[in-house]
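# Structural overview
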Amino acid sequence: LAFGGAAAMGRGLTLAFDAAAAGPRVTIVWNRPCLGDVGTTVLCLAASGGGEGAAARQTQQLCLQLSVLENPPPAFLLPTELAVEWMMGQLGTIFIRVVDPAPQDAVASLGVLSNTSLPAGAALRDLALSGPEGTARLVWVPAAGSGGGTYTVCFGTADRRISPYDRCLSGQRANALCVDIAVVRCRYAARPRESLMDVAYMFQTDWVQLWALNPAITEPDYGVGAEAAILNTGHLYRVDTGDFLSAIAYKMGVTLKHLLLHNADLAAAPDDPLFVGKIICVIPSSCKRESL
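Described below are features of the structure shown in this document.

### Quick notes on the overall build of the protein
Scanning the protein for helices and strands turns up 6 helices and 18 strands. The 292 residues of the protein split such that 35% are buried. Counting only contacts in the protein whose residues sit at least 6 apart along the sequence, the fraction spanning at least 24 positions is 63%. On the protein, roughly 17,100 Å² of surface is accessible, and the fraction owed to carbon and sulfur atoms is 55%.

In structure tokens:
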């Protein structure tokens, strides 16, 4: 290297030597490393001077390891649980937080992917984008009839779009994360001032039958939200060999429609065969069964 000059090292690397009075200095500049430069580059330097040929003095070699990382998309820090269990009537919340590993970059978007259908009543709230970070929260109160269902919600995020330069490929980098929300069957979280009659109406049964399922309730004529926050809305039934939906409905004295109301997973695929050992929710109607 010529003292006081500069040398091009290829791949956009430039090394410049400045023999200033305050002391010599070497400056290494790598102008916009690109995708082809991803990896590790080792650059070894040595300075010589004080004579020519054998008389020249050379410093000990110094090697620098330069690592070029591909610009990653924003990463999801929250949620950490990809499978959660919620209850009908009870507010559930998923907190979402994304951070771009490149602090100079910025999160440009955060939301629910377009190919995801949110459950009825679910909403994304408190969306905030600030530099390399983005936050939001998904809220949902599973309604009566959602018990037994599993609802997959996928979130997407992307950093800002950058114009390509030289031989570099740029543009937007995106990431996605999906969470499965399983709603407990046969259980409902009663809200303040809700009566047994209110809850029974939601599940298309009568309050007397609902009261029989919840013997801890001492005052059925008043709001049950405070006294018994979690209500049983049916019995858990284990599918046996030879069972199929219409046979179970007949055996329990209910209609097939009523059986599907209490089992969202069955309502989504009513023609699928039942496997032995599967748990479903039923509210037997002995009076109707005896009249058949």
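After that view, the rundown keeps rolling.
### As for the sheet that holds strand E10 (residues 92–99)
Strand order in the open sheet formed by 4 strands is E8-E10-E13-E12, and the pairing between neighbours is antiparallel. The open sheet terminates on both sides in strands that have one partner only, identified here as strand E8 (75–78) and strand E12 (123–130). Strand-to-strand twist of the sheet, defined as the mean angle between neighbouring strand axes without regard to direction, takes the value 20°. Taken together, the 8 bridges between E10 and strand E13 (residues 133–140) define a ladder with antiparallel strand orientation. Looking across to E13, one finds that Val98 is bridged to Gly134.

### Quick notes on the packing of aromatic side chains
By the definition in use, this model includes 4 aromatic pairs. Between Trp140 and Tyr151, the aromatic rings sit 5.2 Å apart at their centres with planes inclined by 75°, giving edge-to-face as the arrangement. Linking Trp140 in strand E13 with Tyr151 in strand E14 (residues 150–159), this pair joins segments that are 11 residues apart in sequence. Trp140 gets classed as buried once you look at its relative accessible area, which sits at 3%.

### Some details on the nonpolar core
The biggest cluster of nonpolar side chains holds 30 residues, and the ones touching the most others in it are Phe76, Ile94, Ile96, Leu138, Phe155, Ile181 and Leu231. Elements with a minimum of two residues in this core: strand E9 (83–88), E10, strand E11 (107–112), E13, E14, strand E15 (174–189), helix H1 (196–202) and helix H2 (207–213). The element contributing the most residues to this core is E15, with 5 residues. Aside from chain neighbours lying at most four places away, what touches Phe155 is Phe76, Ile94, Ile96, Gly111, Val112, Leu113, Leu124, Leu138, Asn175, Ala176, Leu177 and Val179. If you look at the next biggest cluster of nonpolar residues, it comprises 13 residues, including Tyr237, Val254, Leu266 and Val282.

### Quick look at a nonpolar patch on the surface
Together, Leu77, Leu78 and Phe95 make up a nonpolar patch on the protein surface, roughly 280 Å² of accessible area in all. On the secondary structure map, Phe95 appears in strand E10. Judged by its relative accessible area of 52%, Phe95 is exposed.

Here is what the cut-offs are and how they apply
- Residues numbered from 1 in each chain as written.
- Predicted model: local features only at pLDDT ≥ 70, side-chain atom pairs only at ≥ 80, totals over all residues.
- Heavy atoms only, no water.
- Helix = DSSP H or I, 4+ residues; strand = E, 2+ residues; numbered from the N terminus.
- Buried < 20%, exposed > 50% of the residue type's maximum accessible area, 1.4 Å probe, protein only.
- Contact = heavy atoms within 4.5 Å.
- Areas by Shrake-Rupley, 256 points an atom, 1.4 Å probe, with all protein chains shown as cover.
- Pairing = 2+ DSSP bridges.
- Axes fitted to C-alpha atoms, helices over the stretch in contact; angles between N-to-C directions.
- Phe/Tyr/Trp six-rings, centres within 6.5 Å; stacked < 30°, edge-to-face > 60°.
- Core = buried A, V, L, I, M, F, W, Y, C linked by side-chain atoms within 4.5 Å.
- Patch = residues over 30% accessible without salt bridge, like charges linked within 9 Å, V, L, I, M, F, W, Y side chains within 5 Å.
- Salt bridge = Lys/Arg side-chain N within 4 Å of Asp/Glu carboxyl O.

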